Structure formats: structure tokens, C-alpha cells
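Survey of secondary and tertiary structure
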Amino acid sequence: MPRSAAGEAQSRLAVRERIISDATVEGNPTLRTVVRGVCPHNCPDRCVWNVTVEGGRAVSLSGDPDHPITRGGLCAKVDPYLERVYSPDRILHPQRRAGPKGAGRFERVSWDEALNDIARRLESIIDKDGPEAILPYFFSGTLGLVQNESPERFFKSIGASRLERTICGSTTYAGLTATQGTDLGIAPEDIAHSRFIVLWGANVIVTNLHLWPFIRKAKAAGATVVAIDPVRTRTAQAADWHLAPLPGTDAALALGMMHVIVREGLHDLDYVERHTVGFARLAERLDDYSPDRAATITDLPAEEIVGLARAYATTRPSVIRLMVGPEKHPNGGMAIRTIACLPPLVGAWRDRGGGLLSTTTDHHDALNWDALEAEGPEARSINMIKLGEALTDPSVTPPIRALIVFDSNPAVIAPNQELVRRGLAREDLFTVVVEQLPTDTVLYADYVLPATTQLEHLDLLTSWGFTFVALNRPAIAPAGEAIANSEFFRRLAARMGFDDPRLQASDEQIVRSLLESDDPRLEGITFGRLERDGWAPLRLPDPWLPFAEGRFPTPSGKAEFYSESLEAQGLDPLPVYTPPPEDELPSLRLIAAKTGVHFLNSSYGGSDRHTKAEREPVIDLNPEDAEAREITDGDEVRVWNDLGELVLRARVGDRVRPGVAAVPFGWWASRSPGGRSANALTSDGLADMGRGGDFFATRVHVSSAG
Ligand SMILES: Nc1nc2c(c(=O)[nH]1)N[C@H]1C(S)=C(S)[C@@H](COP(=O)(O)OP(=O)(O)OC[C@H]3O[C@@H](n4cnc5c(=O)[nH]c(N)nc54)[C@H](O)[C@@H]3O)O[C@H]1N2
Ligand SMILES: Nc1nc2c(c(=O)[nH]1)N[C@H]1C(S)=C(S)[C@@H](COP(=O)(O)OP(=O)(O)OC[C@H]3O[C@@H](n4cnc5c(=O)[nH]c(N)nc54)[C@H](O)[C@@H]3O)O[C@H]1N2
Ligand SMILES: [Mo]
């Protein structure tokens, strides 16, 4: 972050906030106030917003003009957030199931009744099968630390099964860490200094809109922007150069590039000698990856691979913007780890705006995570990607008897949707869903409990795409009988007699204690300052050149072309490409990624405005594949594999390369043709590292539905 610009914006902000911060929301019903908050979604941008409240009602919401990333603009999905807050669909009262599982018939009950019954049911499950028979399921409906992270200690205290929360980013994290010891890279805003930007499996314009202006700035100064994506996304269309390799072949592409770089002596020998380990063994490995071989694997022309390698190695500063698309493959961790070998090989880390930019999660270590700790018995872990299996496999002991869902919509977002739904439909599974809206998961609930939106609760948020923290202050009173997640777990803990005082910490106490840290990045960032300013940049050296002098936080202290830690895990210590299992029948590789600019995972799949704007879920096919199947643009087609089937309209064109099909992720099954959506087809296998999923390695058959 250009810290000077941030500082300037900060002082302007302070003045504005002082004017408005004296006004209390509930104190005076006719008062007009502006309350600063922050977008809760799982998005790298983390926009800061201002909510205008009149007479206790939020009347407008807009991006903060002074925040250096938000810069006054929200995205198409969140701009109408007030419609979500005041949606006629909001869940306003606790409800109990009043029909068969999955039918979505409920009757209103009081909070008291709901809490007593839930506590009693959980206690009897604990008595009979032990606490591990209870599984929480939560991911990223909000990324607020109070509303998303703090509830976990309730589950720790009772000894419930732990949820391995690996559906997003954990494979990327593991792959990056293997090579460079951390997920951290350049300061995101410094991408503006780059002159060669490789967007590698990163759909920036759709998924990370507020980074795009920095890329545009680089472009205006002469930078070349390359997109590497099997799908011709909006971002790929806006790039100067789009390479569309077969999915899951990135490691081969990166190895082919390294082959060219080393053969032509374009690597930075001085940087390699001083700041890396394993170069000689890497160079030997590169013999296996001539451009011709890489071309065969990736199905890209060899000349393109050579051209990319040369341009990448000779243009400075060069940066790779790596997001989480490439991780969702059986070889995803190795792919990420291999891509991360490129910047140290060419010494890209020396320059401002040079190196790699992925997630900024390791900065979150600056917070006092002990604040969220709790004591409890050891418990097994269950991978969230395997939810369907965990709920239906008879060998799971003890069986899962209770599922408590918040901040997530597993009936839509988890792979192998049919199996997940079969699990959720179990009559003997006691399911509690804490939600704002009647999602597909809510349909299967025994109890539905009303949750507050971001306008109605306090929270502290970090950013996984930029480097600041922000406080979300409640702007209005909760709708109906909605309560914050944190409050639900406080009440439930009390009903169940868990008396660890930490389980009763207030939201403000949690925020304050998270900020109690000696980490230099949080220096000067207090609750009071955040109350006043709304947000604060992490204190990082300016300029932030993390690895200009090496010092990678790996076991060797260097970038590891050869990784002993991978070796110890039984993985190849060197970068390698592992092909996916062979198809039995000719099939297409299906990518069900985040293509909708009006969607944020499944969060807007139930909104009329957002679904209308996205029109309908279609399957993109390349003309070559369509013709081979006698499919023409606009036809209804059957898309199936051994997990499930969808019937969708085909869109034939250049949005996907031959051999690849794409469907959008984010549609609720209940709002989709045939009552099923993308994850009805996706594989629930695991990647090689980090226990993430392999969604994008899904294979499908496509034929005309007629
Ligand atoms: N096919 C396919 N599947 C995917 C992906 C893909 O690309 N393709 N991406 C994967 C990735 S990267 C991710 S991160 C996951 C996302 O999976 P999730 O985190 O489950 O997705 P969201 O739809 O963002 O949020 C789920 C729900 O949280 C609710 N919610 C929001 N705020 C609150 C709150 O304060 N309290 C409560 N109780 N509820 C709240 C929202 O109403 C929403 O229904 O999906 C994964 N699934
Ligand atoms: N509008 C919108 N924005 C979002 C979200 C959303 O749902 N909608 N979700 C948010 C979340 S939770 C996350 S994690 C981020 C994700 O942000 P991104 O990682 O940018 O998004 P994805 O769509 O998961 O994947 C990016 C691209 O990877 C490509 N891809 C798939 N397989 C491969 C491969 O093998 N190699 C290569 N090179 N590319 C491949 C896909 O075609 C896709 O275009 O976005 C966040 N922002
Ligand atoms: Mo994600």
C-alpha cells in the first residue's frame, strides 16, 4: 500500500468521522447519521462503506471515497446490499421444522423454545454418541473475526468434531509455503509498478475488481498483461495476451518456461546462488520439460511457451498474480509451488512491483489469536469438502448426529451436491441453520435461526487481498428477532451449562482482545482509532520489498526449488507435473468457477435482482466440441457424470478452449433448472497439498437433451 497516500486519506477521514461519530443511532430517531462499516464478504477487496441512517433506517450505502482501495465504488453485487438487509425474504424469527426433511415447512417458535430444545437435543446426542457426533459447518458468509471465527471456541469447548476449513485457499497456501515459506508477496498496490503482469488463474475483473485500477495504471505506463486461464474470462478478454492451457497443466507450463529461461541463460544467477536452494537439481529436472513436451501437455503452441518465457524473464519488474483457480486440481499444490519458483529464478523479487502476489493471509498473524482460544477435549477433524461422505458413509464413527451451519450454504457450495443433499435429508440428522435468507441449506433445517447482516452487528475484519484492518460498526438495530452469530453461541453455551467465561465475551471485548498484540504491524492500531477512522493500514516497511534480499521464511531461509519438507511428506521435492487420471470415455473438463459479476459465491443466488442480471446458468462449449456432439448454440443439453446431471442451455463460442466446458458457480439449486446447480457435477476429491478440493478437475459428458 502506498502508505503516504493512505496516511493522507486517513487524516481526511478522521475529520469526517469526528463530525458523525457523536451521533448515536438509537438515541435520536430523527437524526441522520453516517456510520462507517466494511463489506463482510469473502473477497480479496474488503471494501469500506458508509451507511446513511435516518430515523433508525438505513437509507443509503456507498463505497467510502477516502479509502484508497474502495475509492468510492462498490461492486455490482454489494452496491444493492440494503436490499439484502430489508429483503422480504429475510429470516426474522426462530423457526422449527413442521414437515418432512427438505420440504422447507416451518413454524415460528420463540428464541427461548428454540434454544432450550436445541440445547436439550445436543446434550442427548453428547450423552449417547459423544460430542464428536456434533459437526459445525461454517465458512465465509462473513469473514468478520467475531461473527466467523469466534464461534469456533464454543465447539472446541464442547469437544465437537473439528471442521477442516479447506475449501478455499489452503492448497494455494501450502504450495506457496513449500517454495517461499509464506503466502505473502508484493504489496498489492505495487502491481502498478509492474511492467509484465501475469494473471495466472486469476479472474481479477470479476473476483477482485478493486485491484484492476492498479493493473490499469501499470498498463497505461506500458505494462503487458497476460492471462493464463483455460476460460476466456472477462479478465482474459481484457488482457494483452491470453494463453488457454488445458486445466490442471500449469506445472508443465511453468516448467516449460523455466526450461527455456535456464537454457537461454535468462535466469538471475546471482539471485539464484544467494537466495535459493536446489537449482542444480531443478535444472536437471527441467531436461524433462522441453517446450515441445510442455506444449503437448498443456495443448499450447511451443512457440507461445517460448515467447512467454522470454518476455517474462526479460521484462522488469515482472509479477505473477496468482489466485485460487489453479489450486482446485489433484496436482494443484504442486502447480502453485512450481509457479512460485519462477520469480526467484529470474530474480523478480529485487524490484518494486516484481515477484508474486497471491493472498495476504500471513499478515493476519499480527492479531492476538489467543483471544479466540478455548479449552476442550481433543476431537477428530472432518474435511468440509467431504461433507456428503461424512453425512452418509456408515463407517463414520461416531456418526454425525447434529450439524450446526452458519456463514455457509453447503447445499450449494460444497462439491458432490447430490451426496450432500442425501446427507442433509437424513431424518435422523439434527440440523440447525443460522441464516439471513432461506437458502437451499435452510430447506433441510430442523431449526432455522435468524442472523444479523453486516449492518446490524459489530465486527473486526482483515483483508486477504490487501493489507489493512477494518472495524464494522452496527448502523441499525437487528431486523426482527435476528441476533449475531456470536450472540447465538453465547446463549447456547449458557443454556448448555458451559461456564468458561471466555464463551461469554462480548463482541467488543473480542475485538479489543484481538488487537492486543505486540506485533509491529499493529502498532498504533487500537479499538479507539478504528472506531474513529473505520480502518487502518497495517504498518509495513515502505517500500515493502519482502524478498529483495532473500530471507524467505522457509526451513533453509531461501526459496526452495528443492523442498525437504515436501520430501518428508512423501511428495516430490522438486517441481513436477503429474497428469490427471485417464478418462474412461471421451469427456470434457468442466470448470465451475466464479464467472458471475453479480454473484459472490452463493450469497446472491437467491436475489431476484442478482439472478436476473446473471440471466440463467448456461454451459459454455467450444464450437469444436459442440459440433462433435451435434449441438448448436442455444440448444438444451444434458451434462452428466457419475455424480449428477444438469440440463442447461448451451452457449457455443470462444469462451472456452476445446476440451473444456464451463458452468457458472453461485446459482442456488432451488433457483436453477431441474433443481440442481453446478456442484451437482463437481468432484469431492482432495488436492495433493493443504487438503483443499479438486472441483475444477471434474469431467463431464455432454449431449443434446432433445
Ligand atoms: N463449484 C464451485 N464451488 C465452489 C467454488 C467454486 O469456485 N466453484 N468456490 C469455493 C470457494 S473458493 C469458497 S470460498 C466457498 C464459499 O462458500 P460459503 O462461504 O459457504 O459461501 P457464501 O455463499 O459466501 O456464504 C454462505 C452463506 O453465509 C450467509 N451469511 C452471511 N453473513 C452471515 C452472518 O453474519 N451470519 C450467518 N449465520 N450467516 C451469514 C449468507 O447468507 C450465505 O447464504 O465455495 C466453494 N465452492
Ligand atoms: N464476483 C465474484 N467475486 C468473487 C467471488 C465470487 O463468487 N464472485 N468469490 C470470492 C472468493 S471466495 C474467492 S476464493 C476469489 C477467487 O478468485 P479467483 O481465483 O480469481 O476465481 P476462480 O473463479 O476461483 O478462479 C480463477 C480462474 O481460474 C481458472 N482456472 C481453473 N482451473 C485452472 C487451471 O488449471 N489453470 C489455470 N491457469 N486457471 C484455472 C478459472 O477458469 C477461473 O477463471 O474470488 C472472490 N471474489
Ligand atoms: Mo474462496
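Each remark here, short or long, concerns the structure printed above.
The text that follows walks through the structure, step by step, so that each part is easy to find.

Here we look at the side chain of Arg-321
Its location among the elements puts Arg-321 in strand S12 (residues 318-322). Buried and unpaired, Arg-321 has no salt bridge, with Asp-45 as the nearest side chain of opposite charge at 6.7 Å. Non-local contacts of Arg-321, meaning those with residues more than four positions away in its chain, are made with Pro-44, Ile-191, Val-198, Leu-199, Trp-200, Ala-202, Val-204, Asn-208, Leu-211, Leu-357 and Ser-358.

Description of the sheet that holds strand S19 (residues 468-472)
Taken together, the 3 strands give an open sheet; going across it, the order is S18-S19-S20, and neighbouring strands pair in antiparallel fashion. The two strands at the open ends of the sheet, each matched to only one other strand, are strand S18 (459-461) and strand S20 (535-537). On average, each strand axis in the sheet is inclined to that of its neighbour by 10°, with strand direction left out of account. Bridge count between S18 and S19: 3 bridges; the pairing is antiparallel. Counterpart to Leu-461 in the pairing with S19 is Ala-470.

Notes on the site of ligand 2
In the vicinity of ligand 2 there are 32 residues, among which Asp-229, Gly-248, Asp-250, Phe-599 and Asn-601 approach most closely. In the model, an oxygen atom of ligand 2 is placed 2.9 Å from a nitrogen or oxygen of the Asn-203 main chain. The contact in question runs from an oxygen atom of ligand 2 to an N or O atom on the side chain of Asp-229, over 2.6 Å. Of the residues that constitute the shell around ligand 2, the class distribution is 18 nonpolar, 10 polar and 4 charged. Taken domain by domain, the shell around ligand 2 gets at least three of its residues from each of domain 2 (170-358) and domain 3 (588-704).

Description of the packing of helix H10 (residues 250-263) against helix H14 (residues 302-314)
Orientation of H10 relative to H14, taken along the N-to-C sense of each, is 65°, at an axis distance of 8 Å. Relative to H14, H10 is oriented roughly perpendicular. In the packing of H10 onto H14, the handedness of the crossing is right-handed. Between H10 and H14, the contacting residues are Leu-253, Gly-256, Met-257, Val-260 and Ile-261 on the first element and Ile-305, Val-306, Leu-308, Ala-309, Arg-310, Tyr-312 and Ala-313 on the second. Split by residue class, the contact of H10 with H14 holds 10 nonpolar, 1 polar and 1 charged.

Considering the site of ligand 1
Close contacts around ligand 1 come from 33 residues, with Arg-84, Ser-140, Ser-408, Glu-435 and Ala-592 the closest. With respect to ligand 1, the side chain of Ser-140 contributes an N or O atom lying 2.5 Å from an oxygen atom. Contact between ligand 1 and Asn-679: a nitrogen atom at 2.7 Å from a side-chain N or O atom of the residue. Residue composition of the shell around ligand 1, by class: 13 nonpolar, 15 polar and 5 charged. Looking at the shell around ligand 1, you find at least three residues from each of domain 1 (95-167 + 379-453 + 477-520) and domain 3 (588-704).

Structural notes on the packing of aromatic side chains
Within this structure, the stated rule accounts for 18 aromatic pairs. Where Trp-349 meets Phe-547, the ring centres are 4.9 Å apart and the plane angle is 85°; that geometry is what we call edge-to-face. Here the residue Trp-349 occupies a position in the loop between helix H16 (342-346) and strand S13 (355-357), and Phe-547 occupies one in the loop between S20 and strand S21 (559-560), the gap between them amounting to 198 residues. Each member of the pair, Trp-349 together with Phe-547, is buried. Ring plane angle 65° and centroid distance 4.9 Å describe the contact between Phe-488 and Phe-489, whose orientation is recorded as edge-to-face. The class for Phe-488 is buried, based on a relative accessible area of 1%. In this structure Phe-489 comes out as buried when scored by relative accessible area, which is 4%. Put simply, the rings of Trp-111, Phe-138, Phe-154, Phe-155, Phe-406, Phe-488 and Phe-489 touch in pairs and so form one group of aromatic residues. Across the ring face of Trp-111, the terminal group of Arg-491 is positioned such that the distance to the ring centre comes to 5.6 Å.

Rules used throughout
Residues numbered from 1 in each chain as written. Chains lettered and ligands numbered in written order. Predicted model: local features only at pLDDT ≥ 70, side-chain atom pairs only at ≥ 80, totals over all residues. Heavy atoms only, no water. Helix = DSSP H or I, 4+ residues; strand = E, 2+ residues; numbered from the N terminus. Buried < 20%, exposed > 50% of the residue type's maximum accessible area, 1.4 Å probe, protein only. Lys, Arg positive; Asp, Glu negative; His and termini not counted. Salt bridge = Lys/Arg side-chain N within 4 Å of Asp/Glu carboxyl O. Contact = heavy atoms within 4.5 Å. Pairing = 2+ DSSP bridges. Axes fitted to C-alpha atoms, helices over the stretch in contact; angles between N-to-C directions. Near = heavy atom within 4 Å. Polar contact = N/O pair within 3.5 Å; in protein donor to acceptor, adjacent residues only side chain to side chain. Nonpolar A, V, L, I, M, F, W, Y, C, P; charged D, E, K, R; others polar. Domains from an automatic or database assignment. Parallel < 35°, antiparallel > 145°, perpendicular 65-115°, else oblique. Left-handed = near helix turned anticlockwise from the far one by under 90°. Phe/Tyr/Trp six-rings, centres within 6.5 Å; stacked < 30°, edge-to-face > 60°. Lys NZ or Arg CZ within 6 Å of the ring centre and 35° of its normal.

The values reported here are purely geometric and, on their own, carry no functional implication.
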